[in-house]
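What follows is the residue order along each chain.
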Amino acid sequence: MAMVSDERALAKYKDEDMIMSPLLYLVGQGDRLTPEEATEVFFSVTKLFQANQPSLRRLVYLAIKELAHTAEEVIIVTNCLTKDINSDVDMYRANATRVLCKITDAQMVQQIERYLKQEIVDKNPVVASAALVSGQQLIMHNKGDVVRRWVNEVTQALDHKSPMVQYHALALLYLIKQHDRLAVSKLVQSMCQQGARSPMATVLLVRYVARILSEEVTEGTEYKDMPFFGFLEHCLRHRSDIVMYEAARAIALLPNVSPAELQPAVSVLQRFLVQSRPAVRFAAIRTLSMIASSMPLAVTSCNADMEVLISDPNRSIATLAITTLLRTGSENSIERLLKQIQNFLCEISDEFKVKIVVAIHALCIKYPSKYYALMNFLGNALREEGGYEFKRAIVEAYLGLMNKIPESKETCLSHLCEFIEDCEHAQLSTRVLHLLGKEGPHMPEPGKYIRYIYNRLILENAVVRAAAVSALASFAAESASESLRKSVAILLRQSLMDSDDEVRDRAVFFSQKLGLEAYQKKATAPPGPEEVAELQEDTKQGMNIPCPVPNLEVELTRYLSSGIFDTPFDMTKVSKAALVTSKDSEVSARNESLFGDSTGPDAGLGVSAKAQVDLAEEVMATPEFSSFGRPFKSCPPKDLTEAETEYTAKVIVHLYEAHVILEFICVNTLNDQLLEDVFIQVDTSDVSGLGGMTIVPAPRLAYGEPSRSYVCIDRTEVDEYPLGQLACTMKFSVKDMDPTTGEADEEGYEDEYGLDDLELDVATLMAKPGELPSSFKSAWEALGPDNEVADSFMLEQHDSISSAVTAVMDLLGMTACDGTDNVNDRARGHILLLTGVFVPGVQVMVHAKFVLTSECVALELVLRSELHAVSELLANSISGSD
Amino acid sequence: MFSQLWQNILEWLQNLFFQQEMELTILGLQNAGKTTLVNLISTGDFTDDRIPTVGFNMRRVQKGGVTLKMWDLGGQARFRTMWERYCRGVSAVVFVIDAADYDRFDTARLELQDILSRRALDGIPVLVLANKSDLPGAVKDIDEIINTFGLTEINNHEVSVYSISAKNRVNIDVTLQWLIDHGSKKTSASTAAAVVNPALHNSQQSTPAQSASAAPTTSTETPPSTS
Ligand SMILES: Nc1nc2c(ncn2[C@@H]2O[C@H](COP(=O)(O)OP(=O)(O)O)[C@@H](O)[C@H]2O)c(=O)[nH]1
Ligand SMILES: [Mg+2]
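Bear in mind that the values here come from a model prediction, so they are computed numbers and not experimental data.

1. Side note on the packing of helix α13 (residues 227–235) of chain A against helix α14 (residues 241–253) of chain A
Residue and element names in this part refer to chain A. Contact geometry for α13 and α14: axes closest at 8 Å, N-to-C directions at 135°. With respect to α14, the axis of α13 lies oblique. Between α13 and α14 lies a crossing of left-handed hand. Judged by residue contacts, F229, L232 and C235 of α13 engage V243, M244, A247 and I251 from α14.

Spelled out as structure tokens, the structure:
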């Protein structure tokens, strides 16, 4: 509303000076306008082009930029901005360039291209940078076709006098070449040799080098032997501290970096710890804390300096110092550290409180003997002030501990019971109540939890009351004790008349289902013990959801949004395999790790919120396959080409009950070619159980832009599993193209390109279950011995248990239960428990016993599954591989 | 020579103390000559660039204490829906037509009628300029123009029309004169009529310019007369 009156004010004030304040207000407000409001304001702002006053014009640019997303028809200012780009006021030129590139579309860009190219080589640094940054914006918003033709100008800008321009030029040049590995490598190499003058550009260079290193490193090579690593080491001694820091961080982030390679980086960070500027100390301790989470030993040399930081006036630094020390310190320093944290826990922000909780959780796992002290700390923390995320982290920590340290269960539950007595977050209360319902009945004294649950029933809002009803009912469903059932019945009686429908329905449902009515009404005789057992079994069966809840949610959402309700939703058709997601796209994932705010592998408690995309999203959105529904499994993308080739191809294998769909993602790295009608020819003659094929080609494959093509292969029989090698050839028609103008020849010619074979193995057909069993033992017993296959093997090529364990897991593609994938280095024997779901939904479990003998590793394997054929197939795959 | 014309007009304008600023909107299909006309008025030069206006072009001419603001709008179809936004509250609307582009007469007529039927524009005086009279075959006859573009059917506006050539500067003086007369509603036609200065005519281009007023149903003012 305020905006509408502002707009009137804008239109009314013709006087330039008076207009500034409402405009500033408009930009600064930050609240969202409706498209209509935004359009009105926008057009009013365009009228201000009549004034030629620099300060006002600057505001006009700002306003247009802010409104560009919401307002319609912003293209109307194109002419005015073009005029400003050609003016002789440098401020106009720079700002108009940025705004114009923001509002323009891919077609319009061509009309302004010549101005942008001129600006890139302009003497004025502000103008040159504006054009360079706009070029980056164009590429990032898919309007960048023209930008790829500016290589000469941008290269020239690399030598600009201004460090800022060098920096922007390098960033743009990299973006232009990013899909061409060889070109990137050349660029980085020449920059490393000549040395960038600007520290900012050097920082970029460090990031590019780190990226190349992590992509090119192969097993067995050391970073030390790779030429680019020398550049990073050299940067550790740079005169600018941002470059030194960046190099240290880059080295720390290299995958599998060795302690020796890491050491100089840690020394640099250690020196930063005692610097006077807080930002430098913060950066250093943050990176050290990240290193400590995976390689605590590498950081112990800094312990003394970090101890000092505990009393740093900056609380963020102090917190990071403590959480790092918790990882690197010895067991006997824990109690002292905990005391120190307690002193300032109330002074730090929730974000850091969460970090501390994560660190404590990790400590509990590492030093189970200390769990009591640590848990008391968590209990105190629960009583502290703090937001939802903080409390949630604590509750999650308790849940994690209960699973890992069974003897802590009772303490955990009693802490959580105290917690819900005074908890303002309904979501957490319901979670704890659910947990009490699940675990409480099996604890030595179930009765003591009932009081806590009942309190919720009389004190809380409807959502929590409903959860409390279910939790109470679960005691009646699990317990054989008549007196306990009777108390539950009586406690539930008042909920039968609850004002809320959900609460009442649940109370009525459970009372009837579990035969509790007799106690509530006193009219009928209570059921006898046998009948009770039957009722209980029946209720538990009925409550059972036959698939993982996240899968159910995804499928229900899809069903509802499809708008087609001819067939009812079928829960039994929902896949039991875990949904496979991957980082957004490869490119953005890389950008994330390069430029993003990666706080290290703190993900254990689900606090990381990286954007994940559904691997099956594209295939389900393809019209040809949308009727197939969700695939049983989508395998992570696999490269079918070497890295530096003319064309690169990746494949995502999607498995369905009756089909296999191969989703090929191809990239053309030649800027002088346009490919059309691209498809992959797949030879299935070596693979059994595959029949007819449908091909969906990619209509065009332009330079640097990934495109998808599909091959859908029918499966002939459900129990004939597709295993073997698929030979793949990429076929297409090529049109030669002039890289500078982007014009392609009229006529193309047919060509083909050989890709690596695609192997479909047992692991391809095996998916991770959506939910891991909470206890392997009970799930194993539930599966039963009907389709059991047992066999023993000598794994001759292995001389350690851990390599044998890894090999078996890789071969079967199954997931370890109860943490049995952690192998003690010196162990002479090990038991590995695995679970998995085999296409199209066959549950499989494995009990594998490894014993180290003098020459090799002996394996005793017991396999259970829902289908005998599957058990045999899997057992054979191990003997076949040996 | 052209700046001489300006000089005279400005001097006259400065004498009218209430007439310090006027705001115009120039409409018409693409390629009619709008931008050319605006440039001619503001710089005195005919520039032949063929870059179509993407969006709008704002010209503000300031001479002495007088300001003339011209909103020259792009003629492409995608911009026509936005014309109205730049017409509200202006002193006059100028509609430029390419008098030799027969194929698009119909479109021009429809667009003209459409924009003038908007309530927000009611009462704003309109000047229709049939430009490019220098081209062979250009429609120059005022009655023919009035008929072709249905100018008598327009209500709620005072409509005037001239045949002009921006290239040869034919009837630019009367155009300016008309603009001055309509620059403000306070200006009376009789005062304005007095300033026409025949000496400013380009005598080489002796095409007798005609002008007529169409459908001045609500106006009591006398239409501009033949110069
Ligand atoms: N022969 C002739 N050409 C003209 C005249 N006025 C404009 N033009 C040309 O018409 C073309 C379009 O003019 P422009 O002002 O860009 O038209 P707009 O789209 O209405 O702004 C240009 O090539 C001008 O040189 C005129 O009076 N006579
Ligand atoms: Mg124009």
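2. Topic: the site of ligand 1
All names here are of chain B. By nearness alone, 19 residues border ligand 1, and N31, K34, T35, T36 and D48 come closest of all. Note that an oxygen atom of ligand 1 is positioned 3.1 Å from one of the side-chain N or O atoms of N131. For ligand 1, the protein covers 93% of the area, taking 580 Å² as the surface of the free molecule. Of all the elements, helix α2 (residues 34–43) adds the most residues to the shell around ligand 1, at three residues. Looking at the shell around ligand 1, its residues break down into five nonpolar, seven polar and seven charged.

3. Remarks on the coordination of the magnesium ion (ligand 2)
All names here are of chain B. Taken together, T35 (OG1) and T53 (OG1) make up the protein donors of the magnesium ion (ligand 2), found 2.0 to 2.1 Å from the metal. On the criterion of sequence distance, the pair formed by T35 in helix α2 and T53 in the loop between α2 and β2 (56–63) is long-range, its members being 18 residues apart. For T35, a relative accessible area of 21% translates into the label partly exposed.

4. Let's talk about the UniProt feature "binding site: Mg(2+)" (unreviewed entry) in chain B
As recorded in UniProt, the sites labelled "binding site: Mg(2+)" (unreviewed entry) are T35 and T53 of chain B. Annotated residues spanning 19 residues; largest pairwise C-alpha distance 7.6 Å, indicating a single compact cluster. Not counting residues up to four positions away in its chain, the partners in contact with T35 of chain B are T53, N57 and D72 of chain B. Assessed through its relative accessible area of 9%, T53 of chain B is described here as buried. In this structure T53 of chain B touches N79 of chain A together with T35, D72, G74, Q76 and F79 of chain B, once residues within four positions along its chain are discounted. Reaching out from T53 of chain B, the side chain makes a polar contact with the side chain of T35 of chain B at a distance of 2.8 Å.

5. Observations regarding the interface of chain B and chain A
The interface of chain B with chain A comprises 17 residues on the first partner and 19 residues on the second. Roughly 1,700 Å² is buried in total at the junction of chain B and chain A, and carbon and sulfur atoms are behind 54% of that figure. At the junction of chain B and chain A, the tally comes to one salt bridge. R85 of chain B is the partner of E40 of chain A in a salt bridge, and the nearest nitrogen-oxygen pair spans 3.0 Å. Along the contact surface separating chain B from chain A lie 10 residue pairs in polar contact (both at pLDDT 80 or more). Among the secondary structure elements, those contributing two or more residues to the side of chain B that touches chain A are β2, β3 (66–73) and α3 (77–80) of chain B. A per-element tally of the side of chain B that touches chain A places β2 of chain B first, with five residues. Its residues placed into classes, the side of chain B that touches chain A shows seven nonpolar, four polar and six charged.

6. Some words on unusual backbone geometry
Of the consecutive residues V839 of chain A and P840 of chain A, the connecting peptide bond is found in the cis state with omega at 0°. Considering the arrangement of structural elements, one finds P840 of chain A in the loop between β17 (829–838) and β18 (842–852). Here the phi dihedral of N31 of chain B falls at roughly 75°; this positive angle occurs in a residue that is not glycine.

7. Some words on the pattern of salt bridges
Taken as a whole and assessed by the stated rule, the structure comprises 37 salt bridges over all chains. Between R118 of chain B and D114 of chain B there is a salt bridge, with its nearest N and O atoms 2.8 Å apart. Here the salt bridges do not stand alone but share partners, grouping E389, R392, E396 and R431 of chain A into one network.

8. Section: the environment of A471 of chain A
Residues and elements named next belong to chain A. In this structure, A471 sits in helix α27 (residues 462–478). Owing to a relative accessible area of 3%, A471 belongs among the buried residues under this scheme. Considered as a pair, A471 and H434 are 37 residues apart in the sequence and their alpha carbons are 5.8 Å apart.

9. What about the packing of aromatic side chains?
Counted under the stated rule, the structure contains 22 aromatic pairs over all chains. Geometrically, the ring pair formed by Y647 of chain A and F732 of chain A is edge-to-face, given 5.2 Å between the ring centres and 65° between the ring planes. Remark: F732 of chain A occurs in strand β11 (residues 724–736) and Y647 of chain A occurs in strand β5 (residues 647–655); sequence separation between them is 85 residues. For the residue pair Y647 of chain A and F732 of chain A, the accessibility class agrees, reading buried in each case. Here the aromatic residues F42, F43 and F49 of chain A together with F56, W71 and Y86 of chain B are joined through ring pairs into a cluster of three or more. Taking NZ or CZ as reference, K353 of chain A lies 5.2 Å from the ring centre of F390 of chain A, over its face. We note R451 of chain A situated over the ring of Y452 of chain A; from NZ or CZ to the ring centre the distance is 4.3 Å.

10. Some remarks on the pairing of strand β7 (residues 673–683) of chain A
Residue and element names in this part refer to chain A. One ladder, built from nine bridges, connects β7 with β11; its direction is antiparallel. Along β11, the bridge assignment pairs E676 with S733. Here β7 runs beside strand β9 (residues 698–701); their pairing, made up of three bridges, is antiparallel. Looking across to β9, one finds that E676 is bridged to R700.

11. Considering a negative patch on the surface
Residues and elements named next belong to chain A. Residues D639, E642, D683, D686, D756, D757, E759 and D761 make up a contiguous surface patch of negative charge. Structurally, E759 is set in strand β13 (residues 758–760). By relative accessible area, which is 37% here, E759 ends up partly exposed.

12. Some words on the environment of V354 of chain A
Residues and elements named next belong to chain A. On the secondary structure map, V354 appears in helix α21 (residues 350–366). Classification of V354 by relative accessible area gives buried; the value is 10%. Taking C-alpha positions, V354 is 6.1 Å from A393, a pair spaced 39 residues apart along the chain.

13. A short note on helix α29 (residues 501–513) of chain A
Residues and elements named next belong to chain A. Taking 1.5 Å per residue, 13 residues should reach 18 Å; α29 reaches 18 Å between its end C-alpha atoms and fits that length. Taken together, the buried positions of α29 are occupied by V503, A507, F510 and S511. Across the axial projection of α29, the buried residues extend over an arc of 100°, all falling on one side. Elements that come into contact with the buried residues of α29 comprise α27, α28 (482–493), α30 (517–521) and α31 (529–543). At the N-terminal boundary of α29, the capping side chain belongs to D500, with an oxygen 3.0 Å from the backbone nitrogen of E502. In the stretch just after α29, G515 is the one whose phi turns positive, near 65°.

Criteria and cut-off values
Residues numbered from 1 in each chain as written. Chains lettered and ligands numbered in written order. Predicted model: local features only at pLDDT ≥ 70, side-chain atom pairs only at ≥ 80, totals over all residues. Heavy atoms only, no water. Axes fitted to C-alpha atoms, helices over the stretch in contact; angles between N-to-C directions. Helix = DSSP H or I, 4+ residues; strand = E, 2+ residues; numbered from the N terminus. Parallel < 35°, antiparallel > 145°, perpendicular 65-115°, else oblique. Left-handed = near helix turned anticlockwise from the far one by under 90°. Contact = heavy atoms within 4.5 Å. Near = heavy atom within 4 Å. Polar contact = N/O pair within 3.5 Å; in protein donor to acceptor, adjacent residues only side chain to side chain. Areas by Shrake-Rupley, 256 points an atom, 1.4 Å probe, with all protein chains shown as cover. Nonpolar A, V, L, I, M, F, W, Y, C, P; charged D, E, K, R; others polar. Donors = N, O, S within 2.8 Å, 3.2 Å for Na, K, Ca; no water. Buried < 20%, exposed > 50% of the residue type's maximum accessible area, 1.4 Å probe, protein only. UniProt positions renumbered as here; feature names shortened; annotations may be inferred. Buried area = accessible area lost by both parts, 1.4 Å probe. Salt bridge = Lys/Arg side-chain N within 4 Å of Asp/Glu carboxyl O. Phe/Tyr/Trp six-rings, centres within 6.5 Å; stacked < 30°, edge-to-face > 60°. Lys NZ or Arg CZ within 6 Å of the ring centre and 35° of its normal. Pairing = 2+ DSSP bridges. Patch = residues over 30% accessible without salt bridge, like charges linked within 9 Å, V, L, I, M, F, W, Y side chains within 5 Å. Lys, Arg positive; Asp, Glu negative; His and termini not counted. Charge placed at Lys NZ, Arg CZ, Asp CG, Glu CD. Expected span 1.5 Å × (residues − 1). Arc of directions from axis to C-beta.

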